[in-house]
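Spelled out from the first residue to the last, the chains are:
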Amino acid sequence: MKQPKIQTRELSLFYGEKMALNSISMDIPEKEVTAFIGPSGCGKSTFLRTLNRMNDLIPFVKITGEVLVDSLNIYDKQIDVVNLRKKIGMVFQKSNPFTKSIYENVAYGPKINGIRERKKLNEIVETSLKNAFIWEEVKDRLYDSAMGLSGGQQQRMCIARALAVEPEIILMDEPASALDPISTAKIEELIFELKKNYTIVIVTHNMQQAARVSDYTAFFYLGELIEFGKTRKIFTTPDNKQTEEYITGRFG
């Protein structure tokens, strides 16, 4: 395994009294794709959101244990959450473009971070859209509303928006679940390219997708991490019987 970029240590999460994650320890390697699989409600999206403190926004959530990014505990009182979320981008299940132009969507993050020079913004927008494999489709309509893009294009534009603030880690919560097969294939191809420069963590309910795009796979069940390892091993010779039953479709 490459150097871990993210490490969790005995990480538990409670919604009020209800335990949603139970003492999860995992090393997520740098510049690889790690997929989280498991039945609905098993904790995989909740765990993903602990990695950039998105669960802070939910009332009555209590978290114990540690999440280390580059060996720093992100739940430390001194951590600047705004800077943290700049370093760790997020792409959601449903594309969420702002009701602005394509250009303004992608330039939004850099502007918030104080970049005002038009030439610099133009460079960031073009580079981000190119890196998200959508530049050729939108370069002549940058000032049109992002709402006019197809679902697959909107999702790639949202990935460009995440890339524009130069993150090191990209979290993706079922990024292709609302898309048709052609758009899904484009997102998967994009993930494959992005891992050259970014650490990627993806939640997917589609096991074929996990097998295609990820280097490592974690199987969650009822808030527990059942098994974690190289994707090929998890899908061919898992150590845990429960993992095997889920992969082969006998439950879940």
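The paragraphs below set out a description of the structure included in this document. All of these numbers come straight from a predicted model, not from anything done at the bench. (Residues numbered from 1 in each chain as written. Predicted model: local features only at pLDDT ≥ 70, side-chain atom pairs only at ≥ 80, totals over all residues. Heavy atoms only, no water.)

## Examining the sheet that holds strand E3 (residues 33-37)
Thinking step 1. Spatial ordering of the open sheet is given by E6-E7-E8-E3-E9-E10, a layout of six strands whose pairing is mixed. In the strand order of this sheet, the two ends are held by strand E6 (88-91) and strand E10 (224-230), each with one partner. Averaged over all adjacent pairs, the angle separating strand axes in this sheet is 15°, with direction ignored.
Thinking step 2. As paired elements, E6 and strand E7 (residues 169-173) share four bridges and run parallel to each other. Within E7, the residue paired with valine 91 across the bridge is methionine 172. (Pairing = 2+ DSSP bridges. Helix = DSSP H or I, 4+ residues; strand = E, 2+ residues; numbered from the N terminus. Axes fitted to C-alpha atoms, helices over the stretch in contact; angles between N-to-C directions.)

## A word on the pairing of E10
Thinking step 1. With six bridges connecting them, strand E9 (residues 216-221) and E10 associate as antiparallel partners. If you follow phenylalanine 220 over to E10, its bridge partner there is leucine 225.
Thinking step 2. Adjacent in sequence and paired antiparallel, E9 and E10 are bridged by two residues, among which leucine 222 carries a positive phi angle near 50°.

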